[in-house]
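Here is how the chains run, residue by residue.
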Amino acid sequence: MSPRTSGNIPAVVTFILLTGVQAQHSVTLSSQSLCAFTGSTVKISCKYTTSDSSRVRQREWYQLQSSDGQEQVLSKDPQYSARVSVGTGPNDCDLTVMDVRQRDSGVYNFRFRTSSGDWISAPSGVNLTVTDFQVNVDRGTAGQTEVKLTCSTTCSLSKNLYYYWFRNGQYTTSHEASTHPSEEGSYSCKVYGSWHRSPPVCVSADINQKNCWSVTYSTTATCAVIGSSVDIDSYYTFPDNQKFTKSVWFIEEQDDAEPVDVREDEEYQGRVQYRQSSQNDCSMRINQLRERDAQTYRFRFHTDGDEYTGEPGITLSVTDLTVTVSDTDSGEKKLNCSSTCTLPKYYTYIWYKNGLPVADHYKNTTGPHLYVSTVGADSYSCAVKYNKLRSPAVYSPRNTSAVMASSGERMEGDSVTLSCSSDANPPVLIYSWFKQRAAEDAPLTTGQNYTITNISSQHIGLYYCTAHNQLGQHSSTPTRLDVLYPPRSAKVSGESDTLVCVSDSNPASSYTWFKKTGREVILIGNSSSLTLAAGEVGVFLCKAENRFGSHNSSEWPVTAVADNAAVKYAAIGVTSVLLLIFITICLCMRRRAAASSGRSKENCRNVTFTEQASAPVYEQVSDLAMTSDPTSTAASDAQDEVQYSSVQFTRSHAQEVPLYPVHRSSALKQEEVEYSTVKRS
């Protein structure tokens with residue numbers, strides 16, 4: 001509910017402080033006085049004007065203390081730290097005070113400082129009066145079975161307020177400003193929109209007023225942030241015929257002794273204050289809260305005739321701040337500044353990105369929630385205004401690493417465990433494992449640890465893990481898994497002059513060569529390859545060995561080592577023979593063509609090939625000797641038909657020359673050629 005001013009028409013006062021040049025600066029306040037009830041929210045409307053808003057260097061609200069006239073800046077007073085806010089719009093200086101208390105009563109003013117250093121403010125501010133509700137007993141019904149109680153205040157309030165009534169601290173009825181209880185007890189009231197109750201009033205027909213002893217707590221549980229301050233309030237009643245003497249807040253009862261006053265406890269010294277703002281009110285403030293301050297506090301008061309302890313007390317919870325993350329339907333991340341207990345609604349939050357306050361005019365950055373589209377490598381944290389405590393930052397995984405759970409060599413058949421770790425807040429939700437491959441990395445499993453049993457050479461390679469949380473993911477640097485094993489096989493390969501030995505092993509094998517000569521095996525080399533001497537033959541084998549074992553190859557027979565020079569000469573000889581045959585065929589075809597053109601025939605009775613003793617026959621084609629008559633030989637070129645009565649091969653007896661076969665050309669088959677006799681002499 002918004003409080004109203006004490007008057008039918010609120011006055012709007014504009015204060016012009018300076019004349020001449022400075023008269024252009026002014027402060028306008030909506031009212032000269034305001035009245036509000038305890039626990040409500042007050043808003044003081046304010047506007048200021050200046051020739052150039054950029055010249056305003058500082059703005060602040062302050063309160064004039066009625067006792068000594070000192071000025072107290074609200075933003076620097078811990079009593080107001082979490083309860084006040086000031087408008088931030090152009091020329092806007094509205095002041096909002098939440099959860100006002102009787103001690104907030106006083107004169108409030110606004111001022112701003114220009115670039116010249118002058119303070120501009122109003123000569124008199126707004127007088128705020130904060131009052132409690134009171135329960136009044138109608139004298140006309142006093143002593144009757146039903147009495148009339150009325151919840152009232154000195155402020156002018158709306159007629160449409162909603163009232164709550166309590167008996168001995170428990171809710172009984174609501175709505176009306178007056179009630180007619182039939183039961184004896186302690187009664188208090190409050191209105192909708194305020195958590196603050198009126199001081200309790202005892203209603204009893206008993207002359208001793210036994211039912212008038214009570215302690216009413218404003219709440220049974222409250223929550224505050226570490227490092228902040230908290231107010232714990234109580235209201236008490238006692239018989240009218242007794243006088244109040246003293247009161248104490250305590251935590252634990254003492255056997256046969258008065259409980260220890262919290263103010264005298266070593267843990268609380270210098271941090272606890274008792275504050276009494278009205279009759280039947282005793283509040284306790286604890287400053288610089290610590291986690292161990294989370295206790296149940298009870299109030300006890302003494303009169304000149306008795307004492308009374310209020311039960312069950314107020315349970316204080318002290319919390320730190322944490323940021324939780326959730327996903328939204330739009331794909332954004334919702335960051336929530338949360339606590340282990342419910343904080344008062346008037347708290348103002350501050351969000352930080354990478355340690356700096358978040359300033360986004362398009363988003364609400366003063367509430368408990370913050371929406372971000374992407375996080376990436378950024379970190380976010382939150383705090384409560386006017387409190388130095390910040391929540392731990394939240395961020396996506398970083399510094400992810402994959403390591404072998406145990407050190408040392410790993411033999412084939414062993415088991416190995418890889419472990420993944422990452423720095424992340426919120427904590428990592430999923431760890432994923434991969435093995436690097438040339439084409440595409442192969443996903444293996446999920447979990448912080450990955451165990452391979454009975455490892456083999458197939459498991460050798462690079463492994464890495466990826467850590468995921470609600471804000472992102474990060475992968476580790478690959479770590480290599482090496483598996484050691486003895487040589488599995490040794491194989492020999494290669495040409496007749498060089499042999500090579502290969503083996504599958506880890507670490508790599510050393511090689512030894514052997515040659516079998518009969519029943520003996522001779523060591524002949526210590527290398528992965530073996531070069532044979534020219535013409536060397538025999539049976540060879542190799543041995544592959546590392547520090548985990550050895551393996552012998554199969555025997556490799558070498559039957560001959562060819563002479564490259566002899567092969568070369570043989571190739572030349574074969575080529576020469578083929579060339580001779582080709583020339584012979586060409587000569588015969590030429591003779592056949594000449595005979596065909598002359599239409600003559602001649603019998604070649606004797607053809608003698610004279611072979612020189614000094615060279616093979618294929619080197620002396622030009623030395624062919626014809627045994628027929630020279631005249632007939634000349635005439636034969638013009639004849640169509642040629643007859644060879646005999647062909648004789650004559651060779652020197654000094655050297656035997658191998659006989660090479662003479663093949664008939666297909667072209668010669670078409671001619672009529674007779675070979676009477678072929679003799680070799």
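Before reading on, note that the structure itself is shown above.
Definitions and limits used
- Residues numbered from 1 in each chain as written.
- Predicted model: local features only at pLDDT ≥ 70, side-chain atom pairs only at ≥ 80, totals over all residues.
- Heavy atoms only, no water.
- Salt bridge = Lys/Arg side-chain N within 4 Å of Asp/Glu carboxyl O.
- Helix = DSSP H or I, 4+ residues; strand = E, 2+ residues; numbered from the N terminus.
- Buried < 20%, exposed > 50% of the residue type's maximum accessible area, 1.4 Å probe, protein only.
- Core = buried A, V, L, I, M, F, W, Y, C linked by side-chain atoms within 4.5 Å.
- Pairing = 2+ DSSP bridges.
- Axes fitted to C-alpha atoms, helices over the stretch in contact; angles between N-to-C directions.
- Disulfide = S-S within 2.5 Å.

**Thoughts on the pattern of salt bridges**
Once the charged atoms of two side chains with opposite charge are near each other, the side chains can pair. Counted according to the given criterion, the structure contains 22 salt bridges. When the shortest N-O distance is used, the salt bridge between Glu71 and Arg111 registers 2.8 Å. A residue pair is termed long-range when its members are at least 10 positions apart, and Glu71 in strand E7 (residues 71-73) and Arg111 in strand E10 (residues 106-114) qualify at 40 residues. Of the residues examined, Glu71 reaches a relative accessible area of 43% and is grouped as partly exposed. Residue Lys516 pairs with Glu555 through a salt bridge whose shortest N-O separation is 2.6 Å.

**Things to note about the nonpolar core**
With 44 residues, the main nonpolar core has Trp249, Ile286 and Tyr297 as its most contacted residues. Core analysis: the second largest hydrophobic core is formed by 25 residues, Val42, Cys46, Trp61 and Phe112 among them.

**Things to note about the sheet that holds strand E20 (residues 214-217)**
Pairing is antiparallel in the open sheet, where four strands are placed in the order E20-E22-E25-E24. Strand pairing shows two members of the sheet lacking a second neighbour, E20 and strand E24 (272-275), which therefore form its edges. If you compare each strand with its neighbour and ignore which way they point, the axes differ by 20 degrees on average. In this sheet, strand E25 (residues 281-286) lies alongside E24 in antiparallel orientation, the contact comprising four bridges. Counterpart to Arg275 in the pairing with E25 is Ser283.

**A few points about the state of the cysteines**
In protein structure, a disulfide is the covalent linkage between the sulfur atoms of two cysteines. One pass over the full model with this rule turns up eight disulfides. Shown here is the disulfide that connects Cys35 with Cys155, its sulfur atoms set 1.4 Å apart. Its S-S torsion of about -70 degrees marks the bond between Cys35 and Cys155 as left-handed, since a negative value means left-handed. Highlighted residues: Cys35 in strand E3 (residues 33-37) and Cys155 in the loop between strand E14 (149-152) and strand E15 (163-167), separated in sequence by 120 residues. Owing to a relative accessible area of 7%, Cys155 belongs among the buried residues under this scheme. Bridging Cys223 to Cys341, the disulfide has an S-S length of 1.8 Å. Note on the Cys223 and Cys341 pair: the S-S dihedral is about 60 degrees, so by sign convention the disulfide is right-handed. Remark: Cys341 occurs in the loop between strand E30 (333-338) and strand E31 (349-353) and Cys223 occurs in strand E21 (residues 221-225); sequence separation between them is 118 residues.

**Overview of the pairing of strand E28 (residues 314-319)**
Bridge analysis of E21 against E28 gives five bridges, and the strand direction is parallel. Looking across to E28, one finds that Ala221 is bridged to Thr315. When strand E26 (residues 296-303) meets E28, the two strands line up antiparallel, connected through two bridges. Across the sheet, residue Thr296 finds its bridge partner in E28, namely Thr315.

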